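Remarks on the overall topology
Residues per chain are reported as follows:
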Amino acid sequence: MLEVIRFNEDEYNYPCLLVLGCFDGLHLGHSELLKKAKLQAKINGLDLGVMMFTNGKEGKEGKQLYTFEERVKFLESFSVKFVLKIDYTDEFKRIKPLEFLSVLEEKLNVKAYMSGKDFRFGEGAKGKSSTLKSFAEDEENGVWYMSIKDFMIDDEKVSTSHIKELLNEGNVKKAGELLGRHYAICGAVTHGADRGAKVVGFPTMNIAYPENKHEVKEGVYSVKCSIGERIYYGIANYGGRPTFDEPSPIFEVYLDGFEGTNYDEIIAVEFIDYIREIHKFDSAESLNAQLTEDILHARREAELAAESEVIDPVPVASQIPVVQASVESAPTMGEQTADAPASEIEEQSATESMPVSNATDEPAPVTEEQVATEEEKEEAATTDEAVSD
């Protein structure tokens, strides 16, 4: 279980490689960076740590794609030993770049830093990759730094801001492709008016949309939901209910083949595709007819989704263990039973690229050949495990 280290409060004394960034969405670009950092840490005998904000960056990032607890759970697949937890407060915004690095050096036993090329930090976002490079070149600091090129798909950089734009447009399918998983929310099932079952003929679950999660465009979606050991597909409405003169947005889900209420249970709902905008209907019967069409659309999406594997299933927030501690060392629609492509690492100087044979040597970035060798070893190990299973 990874540890959560509070910025400028807790200490981490074991030699580590710290990955710097916001890591709001943990999209494919983040996965690429983390995969390379994992290999660098493994070869150099360092613990892997990741910097992460607990809250969205006001004005720039806004609400987050995934909560802090969800992102912590995702990081476990990258063999991360600890998360550097930072609250994005007014006080933190005033920290100068070198002051920020000084705090890290004082509280953590950092031997290496990695980040994306566009990483910015410190007051006014004045710190950048060149700042980290100069810091690492100072022999007194005793660290090395490596930046990773932007991760591109169809000549476009994969970024959190772009994914949020897609969600604003209702394009959850494309957003899921860039995330490497369906966009999802985790929320508690709440009591509603029970109108879905009694009036419309489609019993729905009202789910509390987390306040700190980025909202999708209001509309009707095809969705996927895990309850117990089964996976259900269905439709979800996010927005008002104009047919019943209720403009306030709510999130309600109908799951094909599911029977139950599950009040107060925390469940994860994954968005598969956008179906249509919300309309006002003349009667409950007209709404029922439209929802029947929506379900047919969702069933087609379910068949397609069942044929393709989605990586990184979304964890249920209530099941995510998070430890805070100071570290001393190292129809039905078919019920079912319930890393990113590689890109080149930027070349470092000849001295920085010297291989390290064991953890007692001075850590240094490894060559692309060594990285490729380690990737082949991991792939072989995974294949062996699959065969033995």
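Report follows, based on the coordinates. (Residues numbered from 1 in each chain as written. Predicted model: local features only at pLDDT ≥ 70, side-chain atom pairs only at ≥ 80, totals over all residues. Heavy atoms only, no water.)

1. Examining the overall build of the protein
To keep things clear, this is the line we draw: Note on conventions: DSSP H or I runs of at least 4 residues are helices, E runs of at least 2 residues are strands, and numbering of each starts at the N terminus. Type-normalised accessible area, obtained with a 1.4 Å probe on protein chains alone, sets the label of each residue: buried when under 20%, exposed when over 50%, and partly exposed for intermediate values. A 1.4 Å probe and the Shrake-Rupley method give the accessible areas. Residues count as covered only by the protein chains that appear here.
The helix and strand tally for the protein stands at 10 helices and 16 strands. Counting across all 389 residues of the protein, residues that qualify as buried make up 49%. About 18,900 Å² of surface is accessible on the protein, with carbon and sulfur atoms providing 46% of the total.

2. Details of helix α1 (residues 28-44)
Cut-off, in case you're wondering: Expected span, for any helix, means 1.5 Å times one less than how many residues it has.
For α1, with 17 residues, the first-to-last C-alpha span of 24 Å sits near the 24 Å given by 1.5 Å per residue. Burial of α1 is extensive: 15 of the 17 residues sit out of reach of the surface. Directly beyond the C-terminal end of α1, a positive phi value near 70° is found at G45.

3. Considering empty space enclosed by the protein
Threshold: Using a 1 Å grid laid over the protein atoms alone, points where a 1.4 Å probe fits but cannot get out form a cavity; open sets with protein on both sides within 12 Å along at least 5 of 7 lines form a pocket; any residue with an atom within 4 Å of a point counts as lining. Grid points are joined across faces, edges and corners, and a volume is the space filled by probe spheres set on the points. Charged residues are taken to be Asp, Glu, Lys and Arg, nonpolar residues to be Ala, Val, Leu, Ile, Met, Phe, Trp, Tyr, Cys and Pro, and polar residues to be all remaining types, Gly included.
There is about 30 Å³ of room inside the second largest cavity. When residues of the lining of the second largest cavity are traced back to their parent elements, those giving at least two are β1 (3-6) and α4 (97-107). Considering every element that reaches the lining of the second largest cavity, the biggest residue donor is α4, with 3 residues. Considered class by class, the residues forming the lining of the second largest cavity number 6 nonpolar, 1 polar and 3 charged.

4. Examining the side chain of D294
How we decide: Any two residues whose heavy atoms approach within 4.5 Å are treated as being in contact.
Following the sequence through the fold, D294 ends up in helix α9 (residues 284-307). Take D294: its relative accessible area is 2%, and that puts it in the buried class. For D294, the residues in contact, after removing those within four places along its chain, are V220, I235, I275 and R276.

5. Some words on the packing of α4 against helix α5 (residues 129-137)
Any two packed helices are characterised by how steeply their axes cross, that is the angle between the axes, and by the distance between the axes. Put simply, the rule is: Fitting a line to C-alpha atoms yields each axis, with helices limited to the stretch in contact; the angle taken between N-to-C directions then spans 0 to 180 degrees. Small angles under 35 degrees read as roughly parallel and large ones over 145 as roughly antiparallel, with 65 to 115 read as roughly perpendicular and the rest as oblique. In this scheme the handedness of a crossing depends on how the near helix is turned from the far one: anticlockwise by less than a right angle means left-handed, clockwise means right-handed.
Between α4 and α5, whose axes approach to 11 Å, the crossing angle comes to 50°. Comparing their axes, α5 and α4 come out oblique. The handedness of the crossing between α4 and α5 is right-handed. Here P97, L98, L101 and E105 of α4 lie close against α5, whose contacting residues are T131, L132 and F135. Split by residue class, the contact of α4 with α5 holds 5 nonpolar, 1 polar and 1 charged.

6. So, unusual backbone geometry
For F23, which is not glycine, the phi torsion reads 50° and is therefore positive. We note that D154 has phi near 55°; this positive angle belongs to a residue other than glycine. Note on placement: D154 falls in the loop between β7 (152-153) and β8 (156-157).

7. Focus: the nonpolar core
Here is the rule: Take the buried Ala, Val, Leu, Ile, Met, Phe, Trp, Tyr and Cys residues and link them wherever side-chain atoms come within 4.5 Å; each set so joined is a nonpolar core.
Ranked by internal contacts, the top residues of the largest apolar core, which has 60 residues, are L17, V19, L75, Y183, V216, F251 and F271. When residues in this core are grouped by element, the largest group, 5 residues, is from α1. Setting aside residues no more than four positions away along its own chain, L75 makes contact with L2, L26, L34, V50, M52, V80 and V83. F7, F92, L104 and F121 belong to the second-largest nonpolar core, a separate cluster that totals 27 residues.

8. Quick look at the pattern of salt bridges
Operational definition: A pairing counts as a salt bridge when a side-chain nitrogen of Lys or Arg comes within 4 Å of a carboxyl oxygen of Asp or Glu.
For the structure on display, the rule yields 16 salt bridges. For D90, the salt bridge identified is with K93, shortest N-O distance 3.5 Å. In this pair, D90 and K93 are both assigned in helix α3 (residues 90-93), 3 residues apart and thus about one turn of the helix distant. Where K157 meets D118, a salt bridge forms, and the shortest distance between an N and an O atom there is 2.0 Å. Taken as a pair, K157 in strand β8 and D118 in the loop between β5 (108-116) and α5 lie far apart in primary sequence, 39 residues in all. D118 sits in the partly exposed class, given a relative accessible area of 38%. One continuous salt-bridge network, built from bridges that share partners, spans R6, E9 and D10.

9. Comments concerning the environment of F74
Positionally, F74 belongs in helix α2 (residues 68-75). Overall, the relative accessible area of 7% leaves F74 in the buried class. Taking the C-alpha atoms as reference, F74 lies 10.0 Å from S31; in sequence the two are 43 residues apart.

10. Focus: the packing of aromatic side chains
Convention followed: Pairing of aromatic side chains here covers Phe, Tyr and the six-membered ring of Trp, requires ring centres within 6.5 Å, and sorts the geometry by plane angle: under 30 degrees stacked, over 60 edge-to-face, intermediate tilted. Both a distance and an angle decide whether a charge sits over a ring: NZ of Lys or CZ of Arg must be within 6 Å of the ring centre and within 35 degrees of the ring normal.
Taken as a whole, this structure holds 20 aromatic pairs when the rule is applied. With centroids separated by 5.6 Å and ring planes inclined at 85°, the aromatic side chains of F7 and F92 adopt a geometry described as edge-to-face. Here F7 is found in the loop between β1 and β2 (12-20), whereas its partner F92 is found in helix α3, with 85 residues between them in sequence. Residue classification places F7 among the buried residues on the basis of a relative accessible area of 12%. Taking the ring centre of F68 as reference, the NZ or CZ of K85 above it sits at 5.6 Å.

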